[in-house]
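Observations on the three-dimensional arrangement
Given next are the chains, with one letter for each unit.
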Amino acid sequence: MLRLSRVLNKHNANIRGLSILRTKTPNDTTVEVGQEIEGFVVKEVKPVADFQLTALRLEHQKSGADYLHIDRNDSNNVFSIAFRTTPKQSNGLPHILEHTTLCGSKKFPCRDPFFKMLNRSMANFMNAMTAPDYTFYPFCTENQSDYYNLMSVYLDAVFNPMLRESDFRQEGWRLEHKDVDDKNSPIEIKGVVYNEMKGVYSDNQQIYNEHFLNNILPSNTYGINSGGDPNVIPSLTHSDLVAFHHRYYHPSNSRFYSYGNFNLENHLKFLNDTFLKDCLADPSIKDETKVPNEKRWTTSKRAHIACREDPMVPKDKQSSLSIGTLWSDINNTQETFELAILSRLLLNGPNAKFYKTLIEPNIGTDFSAATGFTDQTRDTFFAVGLQGLNVSDFERVESIYEDTIKSAIKEGFDNRDIDNILHSVELSMRHQTSNFGLQLLYGTLPVWNHDGNILDSMCVSEKIDEFKKKLSNQPNYLQSLVDKYLLNNNHKLVMTMSPENNFEEFRKENEDKLLKEKLALLSDVDKENIYVQGLNLRKQQDATQDVTCLPSLSLDDLKKTTDPVPLIRKNINNTPVFIFPQPTNQVTYFRSLINTSHLSHDLKTLIPLFCNVVTRMGTKSMDFRQFDQLVRKSTGGLQVSQSIIDSPKNLFDMKESVILNSHCLDKNVDEMFDLWKQIFTQVTFEDENRFKTLLQEEASSLANSISGSGHMYAMLCATAGINPIDAQRETYGGLQYISTMKKIAQIDDLLPILKKLEEIGTIILNKNTMKCSLTIVENNSMAVKGLEGFLNTIAGNWEQPNDYNKIDKLDNNAKCFHHVLPFSVNYCAKALPGVHYAHKHFAPLKVLCKYISSKYLLPTVREKNGAYGSGASLSMSGSIQMFSYRDPKPIETFEAFDGACNWVNNKKITIEELNEAKLAIFQGIDHPVAPMSKGNALFFNDMDHQIRQEHRNQIMNVKVEDLLKVANLYFSNTNFSKALIGPANNDIHSGTNWNVTNHEDL
């Protein structure tokens, strides 16, 4: 489950539509407006020519339920149901309800059917999400039987949930003894959502975003936290939850969405016959949940909030300031589209107005968290500001803001920058992804939720034409928008945030005060009930569940063979080239892999930084602004990244690489390769001020990433203790790298670093260790000629006999690492040595990890201990990883990790459970792959069709005894490593030698 604070930009879908009243869908079914189909009436039909799809809007005649179907020849079918949920308090009601509905329903009364279906389905996406003003439940699958299985479970969950009080207490909040079995142990506040939101409130950037939304739209539902404030969540009662569901999870307040090549009529018949035919419309529900426009202010307002100190950021640069103004009504889709373009002109890239005036002077470290155009709320708004500020810079930033606006009105915008944005829209319209239907759902829901014209919102090409017409008729049109929405807009918020030394102590005091107030109200009978309820909940959590009520696919439903990927191998200018013919919709995809194993250690540590800046520093013939303009004109961007690739055949063999990645319209292929040629032959590292700007952006971004991805950093830290390849990864991308970047960002003289980056470029920007790939439409000779021209003009000659180099094995001493950071929850990980991909034990270990995740760690660490998430996995490097996310009980979690092997030995694994674990594995193996990515496994990872087919066969053939064997071989290993990211915890260090790094002391 996921809470959305900012949903994806609705224009990412970039759909073009043509208005008609009658059409044939791709399923060759003629549909007319007014036609009745299985209890629904067709309201609108619109074909979208650019993507060969048809959008149909329907309404259920009895219940008034709204339905949007996207008929498209795409096998990855999507379904979703959404409800407009507009809470009035910050008690997390819609968020906790989202969790609790999935804990069992009338038709499927077992506990947590949602999580159990993860192992009984081939869905490539299943989730439930709470936004500030709606809640939705989407899934994607290519299997038609699976589709209706999941529809049954999802729809019974939302319309007929059990909503047991015990589930509310588990998922929401409860008072419970620290030791459930000991009534003399302290009583605590527990709960999955409660702990999740404590984790959210550990993140300064999320706190800032939430408060900015609350303050700029204070009058309606956006003025409160729909996810829940941990100090308010314990005011929510079970009866409140039941009443909210009864009122607002009603068909009259629902929005159904389906997408793909499955038959619409079957969907409608299933819905009508199973759930809707006896439901009567209640229009008053939509009136109750309707979000009115915010009343515009007559004068600007200010707000200030406090936050915790961040030890990963310099102490004198931890404040933020943002200035925001209210913009359009989301239902004015044309104006919203134009304002999105204006936002990009103001913010995106080195030619943007605010980038020049706020970022380049290096006043702060990066744009503030609230910066951007928010177009998911009823009233859209724009904000810009800086983080990494000193408080003394606040006044200066406000002055720059005003000057920038006035300058934009006076000078206008460069037509080349406008054209580049429109080019990016055209390119994204042709760029094919494997989850297009899901992205389209994310894009349409915000408008749909406010009863806007969703079919009109898809017509991007029409909006571009209208925008161009306005620019032609009124050359100063964009300046007029700046004047209206920025300069002369009284609905303006200036919000600042600064750290307080005692912030964490104050938070803990409030938490303790809340608990004391709760306990003071308890009678002896209440306390006895708490003890009994705790025991009963534990008993329910431990009870064996009868899952026979749940539908399931079987292994027989899966394909038996791996799909081959067409490949043409060439050797161009002595350089290996892989050509993958695919239906790319007139887009050329270029990738290159450059081996970097021959670099010295001190240079290798700077490769991630080199990758981050090499295409953004400019060249000898163009400064960084001119170069960026050309990149945006012809491509979707030039990306350079560092990668360590594991050998599928040998443990501790790795390929250290830099990866180049770009795509363009076929007609722009020569321009794309000319840009890469300039990087290889003319890149310069001389602009120290530009480098400082990019360096601060990178350091700030890395520091902000820890709280949201703490489990990933913990797993990498743990595996680094037992696997030499992962130790390298930790150096180049883990907490060690974040600390390194923090130190470099504070260096005054950056010339020595620039010299080393220049040296890296000299060594690797050539053909010596390069191989390339093109993913193109078959017989696209222009792309091949473009690549050939590029290779003919750059230096070097292929001289890489072996891509892989072996790394020495680490010692066998157990290691435990605790990174102390000021969070209110923890991220735990344990790592054990495993085997390489082609090893006979890799498949059973992979299945075992899935089994342990669903049957052991999920109920133990999440349900009982209250962590937001937990699981086990096997990495390509051969490391077994167990983790927890936003975890209040790290000691108990590590005990659970340590007890995994004993649990497997004491658990009788059934054939059904084994097959469920295999199904979960095949979800990943058989997930849809976009045309641009179909050759990646071979090009990057050397996984040919034979290796992948052997792995498939091995997964299919895993037996119960295989799981027991590998559990005792690998999970009982005394050579392990543990990592903990979270607050100080002296109790966890007892009995084990922990390496403690207190980042507040660094």
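Computed from a predicted structure; not experimentally measured.

Attention now moves to the overall build of the protein. Scanning the protein from N- to C-terminus turns up 37 helices and 33 strands. A globule of 1002 residues ought to have a C-alpha radius of gyration of about 30 Å, and the protein, at 28 Å, matches this closely. Taken along the three principal axes of its C-alpha coordinates, the protein extends 80 × 70 × 65 Å. Of the contacts formed within the protein by residues at least 6 apart in sequence, a portion of 82% connects residues at least 24 apart. About 37,700 Å² of surface is accessible on the protein, with carbon and sulfur atoms providing 47% of the total.

Inspection of the entire model under this criterion finds zero disulfides. No disulfide involves C110; its nearest neighbouring cysteine sulfur is the one of C549, lying 4.0 Å away.

Of note, A699 is situated in helix α24 (residues 688–704). On the accessibility criterion, A699 (14% relative accessible area) is buried. A699 sits 76 residues away from D623 along the chain, and the two C-alpha atoms are 23 Å apart. Discounting residues that sit within four places of it in the chain, A699 has contacts with M741 and A745.

All right, on to the packing of helix α23 (residues 669–682) against helix α29 (residues 781–793) then. For the pair α23 and α29, interaxial distance at closest approach is 9 Å and the crossing angle is 15°. With respect to α29, the axis of α23 lies roughly parallel. Like other packed secondary-structure pairs, α23 and α29 cross with a definite hand, here right-handed. The segment α23 lies against α29, with V669, D670, F673, W676, K677, F680 and T681 engaging M782, A783, G786, L787, F790 and T793. Counted by class, the contact of α23 with α29 contains eight nonpolar, three polar and two charged residues.

Taken together, D623, E686, D687 and E758 make up a surface patch of like negative charges. Topologically, E758 is positioned in helix α28 (residues 751–764). Overall, the relative accessible area of 40% leaves E758 in the partly exposed class.

For helix α3 (residues 144–159), built from 16 residues, the straight-helix expectation of 22 Å at 1.5 Å per residue is met to within 8% by its first-to-last C-alpha distance of 22 Å. Taking burial as the measure, the 16 residues of α3 include 14 buried ones, the bulk of the element. Looking at where α3 begins, the residue whose side-chain oxygen comes 3.0 Å from the main-chain nitrogen of S145 is N143.

The next point concerns the packing of aromatic side chains. According to the stated counting rule, one finds 46 aromatic pairs in the structure shown. Seen in terms of ring centroids, F244 and Y248 are 4.8 Å apart; in terms of plane orientation they differ by 55°. Their pairing is tilted. In this pair, F244 and Y248 both sit in helix α7 (residues 238–248), four residues apart, roughly one turn of the helix. The aromatic ring of F436 is capped on one face by R72, whose charged end is 4.4 Å from the ring centroid. The ring of F976 has K830 lying over it, and the distance from NZ or CZ to the ring centre is 4.8 Å.

Not every positive phi belongs to a glycine, and N574 is a case in point at roughly 65°. Mapped onto the elements of the fold, N574 is located in the loop between β21 (568–572) and β22 (575–581). Residue N574 is classed as partly exposed on the basis of its relative accessible area, which comes to 34%. Of note in this structure, F652 is not a glycine but carries a positive phi near 70°.

Moving on to the pattern of salt bridges. Enumeration over the complete set of coordinates arrives at 49 salt bridges. D66 is the salt-bridge partner of R57, the closest N and O atoms lying 2.8 Å from each other. Summarising the burial analysis for this pair, R57 and D66 share the class buried. Among the salt bridges present, the one from D451 reaches R84, with a minimum N-O distance of 3.3 Å. With D451 in the loop between α14 (436–449) and α15 (454–457) and R84 in strand β8 (residues 77–84), the pair connects residues that are 367 residues apart, well separated along the chain.

What follows is about the sheet that holds strand β32 (residues 977–982). Reading across from one edge, β30-β31-β29-β32-β28-β33 is the order of the six strands in this open sheet, with mixed pairing throughout. Of all strands in the sheet, those bounded by a partner on one side alone are β30 (869–874) and β33 (994–998). Strand after strand, the sheet turns through a mean of 10° between neighbouring axes, direction not considered.

The subject of this paragraph is the packing of helix α30 (residues 842–864) against helix α31 (residues 890–898). Remark: α30 packs on α31, axes separated minimally by 10 Å, with the N-to-C direction vectors making an angle of 165°. Between α30 and α31, the angle falls in the class roughly antiparallel. Relative to α31, the crossing made by α30 is right-handed. Residues Y856, L857, T860 and V861 of α30 lie in contact with α31, whose contacting residues are T893, E895, A896 and F897.

Now for the environment of G708. Tracing the chain through its elements places G708 in the loop between α24 and α25 (710–720). In this structure, the C-alpha to C-alpha distance between G708 and Q61, residues 647 residues apart in sequence, is 44 Å.

The element strand β23 (residues 587–595) is extensively covered by neighbouring structure, given that nine of its nine residues are classed as buried. A two-sided burial pattern is seen for β23, the buried positions comprising V587, Y589, R591, L593 and N595 on one face and T588, F590, S592 and I594 on the other. Strand direction decides the pairing type here: β23 and strand β25 (residues 653–665), joined by nine bridges, are antiparallel. Across the sheet, residue V587 finds its bridge partner in β25, namely L665. By the bridge criterion, six bridges tie β23 to strand β26 (residues 770–776) in an arrangement that is antiparallel. Bridged to I594 within β26 is M770.

Let us look at the side chain of S977. Mapped onto the elements, S977 comes out in strand β32. A relative accessible area of 0% means that S977 is categorised as buried. In this structure S977 touches C717, A718, G721, I722, K815, F817, A829, K830 and A831, once residues within four positions along its chain are discounted.

In this section: the confidence of the model for the protein. Regions with low pLDDT carry predicted coordinates that are not meant to be interpreted in detail. Within the protein, residue pLDDT values average 93, and 96% of them lie at 70 or more. This model gives residues 1–24 a pLDDT under 50, and the stretch forms 107 contacts once residues within four places in sequence are excluded.

The subject of this paragraph is α30. Remark: the principal bend of α30, roughly 50°, maps to L857, with a proline, P859, within the next four residues. Counting buried positions over the 23 residues of α30 gives 19, a clear majority of the element.

Below, the discussion takes up the side chain of D887. If you trace the backbone, D887 turns up in strand β31 (residues 879–887). Here D887 occupies a buried position and makes no salt bridge, while the nearest side chain of opposite charge, K889, is found at 8.0 Å. Of the polar contacts made by the side chain of D887, one reaches the side chain of S884; its length is 2.8 Å. The contact partners of D887, leaving out residues within four places of it in the chain, are V825, N826, C828, V861, A867 and T893.

Right, let's get into the environment of I760. Tracing the sequence through the fold places I760 in helix α28. On the basis of relative accessible area, I760 is assigned to the buried category, the value being 0%. Beyond its immediate chain neighbours, meaning those up to four positions away, I760 contacts L599, L603, L606, I607 and F610.

Scoring rules and cut-offs
- Residues numbered from 1 in each chain as written.
- Predicted model: local features only at pLDDT ≥ 70, side-chain atom pairs only at ≥ 80, totals over all residues.
- Heavy atoms only, no water.
- Helix = DSSP H or I, 4+ residues; strand = E, 2+ residues; numbered from the N terminus.
- Rg over C-alpha atoms; globule rule 2.2 N^0.38 Å.
- Contact = heavy atoms within 4.5 Å.
- Areas by Shrake-Rupley, 256 points an atom, 1.4 Å probe, with all protein chains shown as cover.
- Disulfide = S-S within 2.5 Å.
- Buried < 20%, exposed > 50% of the residue type's maximum accessible area, 1.4 Å probe, protein only.
- Axes fitted to C-alpha atoms, helices over the stretch in contact; angles between N-to-C directions.
- Parallel < 35°, antiparallel > 145°, perpendicular 65-115°, else oblique.
- Left-handed = near helix turned anticlockwise from the far one by under 90°.
- Nonpolar A, V, L, I, M, F, W, Y, C, P; charged D, E, K, R; others polar.
- Patch = residues over 30% accessible without salt bridge, like charges linked within 9 Å, V, L, I, M, F, W, Y side chains within 5 Å.
- Salt bridge = Lys/Arg side-chain N within 4 Å of Asp/Glu carboxyl O.
- Lys, Arg positive; Asp, Glu negative; His and termini not counted.
- Charge placed at Lys NZ, Arg CZ, Asp CG, Glu CD.
- Expected span 1.5 Å × (residues − 1).
- Polar contact = N/O pair within 3.5 Å; in protein donor to acceptor, adjacent residues only side chain to side chain.
- Phe/Tyr/Trp six-rings, centres within 6.5 Å; stacked < 30°, edge-to-face > 60°.
- Lys NZ or Arg CZ within 6 Å of the ring centre and 35° of its normal.
- Pairing = 2+ DSSP bridges.
- pLDDT = per-residue confidence, 0-100.
- Bend = angle between axes of the 7 residues up to and from the residue.

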